[in-house]
Amino acid sequence: MATVAHLTTRTPKVSVDELLAGFHPSPRFGKVSFESYRPDPAQPSQAAAVRSLQDFGASIDGQRSGGGLLSRLFGGNGNKPKTRAGVYLDGGFGVGKTHLLASLWHASPGPKAFGTFVEYTNLVGALSFRKTVEALSSYRLVCIDEFELDDPGDTVLMSRLMRELADAGVKLAATSNTLPGALGEGRFAAVDFQREIQVLADQFDVVRIDGEDYRHRGLPAAPAPLRTEELDARINAEFDGGVVAVDDFGALMKHLAGVHPSRYRQLIDGIDGVVWKDVHTIEEQAVALRFVVLADRLYDKDVPILASGVPFDQLFTEEMMAGGYLKKYFRAVSRLTALAREAQTSEPS
């Protein structure tokens with residue numbers, strides 16, 4: 001039988017040391033490599049991205065150069081920079097950007113850090129900006145997955161952080177669904193922060209990765225939600241011997257408001273499966289954005305999901321799916337669909 005737990009009863013505490021120690025690829029990407037990435041033959045940019053990252057990784061083995069950002073990026077005669085401090089993987093959902101970013105991390109010498117954009121902003125909140133710079137400036141590589149700007153504060157913060165790390169000689173690598181010069185569009189008055197956004201863009205060489213979401217290549221559509229009365233029987237059938245978090249979806253949404261997103265990894269620690277009863281469409285933006293972070297952490301740990309209620313493609317309102325955060329919501333739907341398919345049909349996510 002499965003052991004039943006409830007996320008709504010968990011309020012994890014995380015120390016600063018634990019937060020720093022967590023900056024490595026999730027178990028899902030714990031053993032990936034450039035060799036294990038399978039480029040789509042119909043999308044030559046994918047194989048080209050592998051070569052670009054391998055070349056970038058080779059540069060990390062070289063000596064750290066001094067003299068500051070301007071002297072490293074610009075020659076004494078004012079010419080344009082020969083190289084930039086970072087590489088930026090731009091592409092749609094499910095084309096393998098995180099796989100490649102984690103492959104770069106695994107192939108590179110340390111010390112090094114790997115985390116999502118949200119985890120770095122949370123780190124600044126936990127340590128302060130100056131202590132974060134001091135902690136990361138000794139690293140040879142900092143990888144930022146799912147880079148996005150949601151508000152003016154993040155824009156200024158990340159612009160300063162990337163500039164100071166680059167000036168310290170740290171190599172940077174990032175993934176995003178948005179070109180660096182277009183970060184923040186549709187979320188706030190990005191035109192008022194073009195200087196900060198341009199500083200960010202200037203740190204990176206952009207590598208484009210084209211392709212369709214690999215989680216949907218040749219796979220059937222997402223399974224229909226189960227009936228609530230079916231869930232108890234399916235729990236033991238799918239998760240026999242494991243620990244399953246069973247929660248009412250509405251109660252879980254309320255509980256997430258009291259748990260900082262930096263703790264969501266610990267919130268699901270030791271959980272082998274998730275069961276949500278009566279999933280409904282989320283209508284508040286703040287609730288939706290918190291839920292996206294939970295969806296990412298569940299996908300990181302490859303936690304299968306059984307659910308009743310509305311299908312996952314109806315999790316967010318039509319306005320949300322067409323608004324400034326649409327890429328976050330599409331990513332969440334894609335990942336949750338994959339986890340639901342894994343639980344109900346045993347197909348890998």
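All values reported here derive from a predicted model rather than from experimental measurement.

Caption draft 1: Structural context of unusual backbone geometry. A cis amide bond links G110 with the next residue in sequence, P111, at an omega value of 0 degrees. Tracing the sequence through the fold places P111 in the loop between helix 4 (97-107) and strand 3 (112-116). With a phi close to 95 degrees, S128 is a non-glycine residue in the positive phi region. Backbone geometry places D302, a non-glycine residue, at a positive phi of 55 degrees. Structurally, D302 is set in the loop between helix 12 (285-300) and strand 9 (305-309). Since its relative accessible area comes to 31%, D302 is described here as partly exposed.

Caption draft 2: Up close: the sheet that holds strand 1 (residues 3-5). A sheet is described by the order of its strands in space; here four strands give the open sequence 1-7-8-9, paired in parallel fashion. The two strands at the open ends of the sheet, each matched to only one other strand, are strand 1 and strand 9. Put simply, the sheet's adjacent strands are angled 20 degrees from each other on average, direction ignored. Pairing analysis gives three bridges linking strand 1 to strand 7 (residues 243-248), with the strands arranged parallel.

Caption draft 3: The side chain of R331, seen in detail. Structurally, R331 is set in helix 14 (residues 326-345). A distance of 2.7 Å separates the side chain of R331 from the side chain of D296, its partner in a polar contact. Apart from the residues lying within four places of it in its own chain, the contact partners of R331 are F93, E146, V292 and D296.

Caption draft 4: Representation of helix 6 (residues 129-136). Taken together, the buried positions of helix 6 are F129, T132, V133 and L136. Take helix 6 and look down its axis: the buried residues cluster within an arc of 100 degrees, on one side only. The outward face of helix 6, more than 90 degrees from its buried face, is lined by the exposed residues K131 and E134.

Caption draft 5: Summary view of the environment of P25. With respect to the helices and strands, P25 occurs in the loop between helix 1 (16-21) and helix 2 (44-60). Owing to a relative accessible area of 6%, P25 belongs among the buried residues under this scheme. Separated by 88 residues in sequence, P25 and A113 place their C-alpha atoms 8.7 Å apart. If we ignore the near neighbours within four places in the chain, the residues touching P25 are A102, W105, H106 and F114.

Caption draft 6: Expanded view of the sheet that holds strand 4 (residues 141-145). Spatial ordering of the open sheet is given by 3-4-5-2-6, a layout of five strands whose pairing is parallel. Two strands lie at the open edges of the sheet, namely strand 3 and strand 6 (204-209), each paired on one side alone. Neighbour-to-neighbour, the strand axes of this sheet turn through a mean angle of 15 degrees, independent of strand direction. Taken together, the six bridges between strand 2 (residues 86-91) and strand 6 define a ladder with parallel strand orientation. Counted as the bridge partner of Y88 is V206 from strand 6. Helix-sheet contacts for helix 2 involve strand 2, strand 4, strand 5 (171-176) and strand 6, and the interaxial angle to strand 6 is about 150 degrees.

Caption draft 7: Geometry of the packing of aromatic side chains. This structure, assessed with the given rule, holds eight aromatic pairs. A centroid spacing of 6.3 Å and a plane angle of 80 degrees characterise the contact between W276 and F312, whose relative ring orientation is edge-to-face. With a gap of 36 residues between them, W276 in strand 8 (residues 273-279) and F312 in the loop between strand 9 and helix 13 (318-321) connect regions that are remote in the sequence. An identical accessibility class is assigned to W276 and F312; each is buried. Where F291 meets F316, the ring centres are 6.4 Å apart and the plane angle is 55 degrees; that geometry is what we call tilted. You can see F291 sitting in helix 12 and its partner F316 sitting in the loop between strand 9 and helix 13, a full 25 residues away along the chain. Overall, F291 belongs to the buried group, its relative accessible area being 0%. An aromatic cluster is built from F249, W276, F291, F312, F316 and Y329, whose rings are joined through pairwise contacts. In this structure, R28 packs its charged tip against the face of Y299, placed 3.7 Å from the ring centre.

Conventions we followed
- Residues numbered from 1 in each chain as written.
- Predicted model: local features only at pLDDT ≥ 70, side-chain atom pairs only at ≥ 80, totals over all residues.
- Heavy atoms only, no water.
- Helix = DSSP H or I, 4+ residues; strand = E, 2+ residues; numbered from the N terminus.
- Buried < 20%, exposed > 50% of the residue type's maximum accessible area, 1.4 Å probe, protein only.
- Pairing = 2+ DSSP bridges.
- Axes fitted to C-alpha atoms, helices over the stretch in contact; angles between N-to-C directions.
- Polar contact = N/O pair within 3.5 Å; in protein donor to acceptor, adjacent residues only side chain to side chain.
- Contact = heavy atoms within 4.5 Å.
- Arc of directions from axis to C-beta.
- Phe/Tyr/Trp six-rings, centres within 6.5 Å; stacked < 30°, edge-to-face > 60°.
- Lys NZ or Arg CZ within 6 Å of the ring centre and 35° of its normal.

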